[in-house]
Amino acid sequence: MAEGQQKSAISLAKDSDSEEKNQLEKKLESILENMEGVGKVQVMLMTDEKNSGESFMESGGVQVTGVLISAQGGENPVTVYKIQQAVMALFQVEAHKIKIVKMK
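What counts and what doesn't
- All chains use their own residue numbering, which begins from 1 and follows the written sequence.
- Only residues with pLDDT of at least 70 get local features here, since the model is predicted, and only at 80 or more are side-chain atom pairs given and counted; chain-wide, interface and lining totals rely on the full set of residues.
- To get the side-chain values, all heavy atoms of the structure are used, and hydrogens and water are removed first.
- Every helix listed is a DSSP run of H or I at least four residues long, and every strand listed is a run of E at least two residues long, numbered separately from the N terminus.
- Each residue gets one of three labels from its accessible area relative to the maximum for its type: buried under 20%, exposed over 50%, partly exposed in between, using a 1.4 Å probe on protein chains only.
- We get accessible surface area from the Shrake-Rupley algorithm with a probe of 1.4 Å; when it comes to residues, only the shown protein chains can shield them.
- By nonpolar core we mean a set of buried residues, namely Ala, Val, Leu, Ile, Met, Phe, Trp, Tyr and Cys, connected to one another through side-chain atoms within 4.5 Å.
- Contact criterion: two residues are considered in contact whenever any of their non-hydrogen atoms come within 4.5 Å of each other.
- Salt bridge, as applied in this entry: a Lys or Arg side-chain nitrogen positioned within 4 Å of an Asp or Glu carboxyl oxygen.
- Residues qualify for a patch when their relative accessible area is over 30% and they have no salt bridge, like charges being joined within 9 Å and the nonpolar side chains of Val, Leu, Ile, Met, Phe, Trp and Tyr within 5 Å.
- In this description, strands pair whenever DSSP reports at least two bridges between them.
- By convention, orient the strands away from the viewer: a clockwise path from the first strand over the helix to the second makes the crossover right-handed.

(A) Inspection of the overall build of the protein chain at higher detail. The helix and strand tally for the protein chain stands at 2 helices and 3 strands. Taken from N to C terminus, the helices and strands of the protein chain fall in the order α-β-β-α-β. A total of 104 residues make up the protein chain; the buried ones form 33% of that total. As displayed, the protein chain has an accessible area near 6700 Å², and 51% of this comes from carbon and sulfur atoms.

This is how it looks when you write it as structure tokens:
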């Protein structure tokens, strides 16, 4: 493969990963907003490339390594705990890699 074609293939893979990351963020926002007490949310996922495909978090070569969530219900410790548990279950991310803050 020529160098230009290789760079193009890498660029397409990164675009695909970015698109998948955006889709995962939107899906998580939708799930969380349907949980009692959470309210409106914004989600940012930190990702790494990985191709093992062992779970939902690694589908399509994207592995979630950290999560930041801004939620209207972020001041309630019970709601924060429920959000954290949902994220841990979905993405197999450790609790210390999940940050939930109150949305202003």
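Now that the structure has been shown, we can carry on.
(B) View of the nonpolar core. If you look at the biggest cluster of nonpolar residues, it comprises 18 residues, and the most contacted ones within it are Leu32 and Ile69. Within the residue set of this core, elements represented by two or more residues are α1 (3-33), β1 (41-49), β2 (62-71), α2 (77-91) and β3 (98-102). Leave out the neighbours within four places in its chain, and isoleucine 69 touches Leu32, Val41, Gln42, Val43, Ile83, Val87, Lys99, Ile100 and Val101.

(C) Just the side chain of serine 70, in detail. When you line up the elements, serine 70 lands in strand β2. Each residue touching serine 70, except ones within four places of it in the same chain, is listed here: Lys40, Val41, Gln42, Val101, Lys102 and Met103.

(D) Structural context of the pattern of salt bridges. Under the definition given, this model contains 2 salt bridges. Where glutamate 29 meets lysine 26, a salt bridge forms, and the shortest distance between an N and an O atom there is 3.7 Å. One end of the pair, glutamate 29, and the other, lysine 26, are both in helix α1, 3 residues apart, so they sit about a helical turn from each other. Put simply, glutamate 75 and lysine 102 hold a salt bridge, and the shortest N to O gap is 3.8 Å. Of this pair, glutamate 75 sits in the loop between β2 and α2 while lysine 102 sits in strand β3, and the two are 27 residues apart along the sequence. With relative accessibility at 49%, the residue lysine 102 sits in the partly exposed group.

(E) Expanded view of the environment of threonine 65. Within the fold, threonine 65 resides in strand β2. C-alpha separation for the pair threonine 65 and threonine 47, spaced 18 residues apart in sequence, amounts to 5.2 Å.

(F) Up close: a nonpolar patch on the surface. A contiguous nonpolar surface patch, about 330 Å² in accessible area, is contributed by Met44, Met46, Leu68 and Val101. Here valine 101 is to be found in strand β3. Look at valine 101 and you get partly exposed, because its relative accessible area is 31%.

(G) Layout of the pairing of β2. Summarising burial for β2: 8 of the 10 residues are buried, a large majority. For β2 and β3, the ladder comprises 5 bridges, and the chain directions are parallel. Across the sheet, the residue bridging to serine 70 is valine 101, located in β3. In this region the chain leaves β2, passes through α2 and returns to the parallel neighbour β3; the handedness of that crossover is right-handed.

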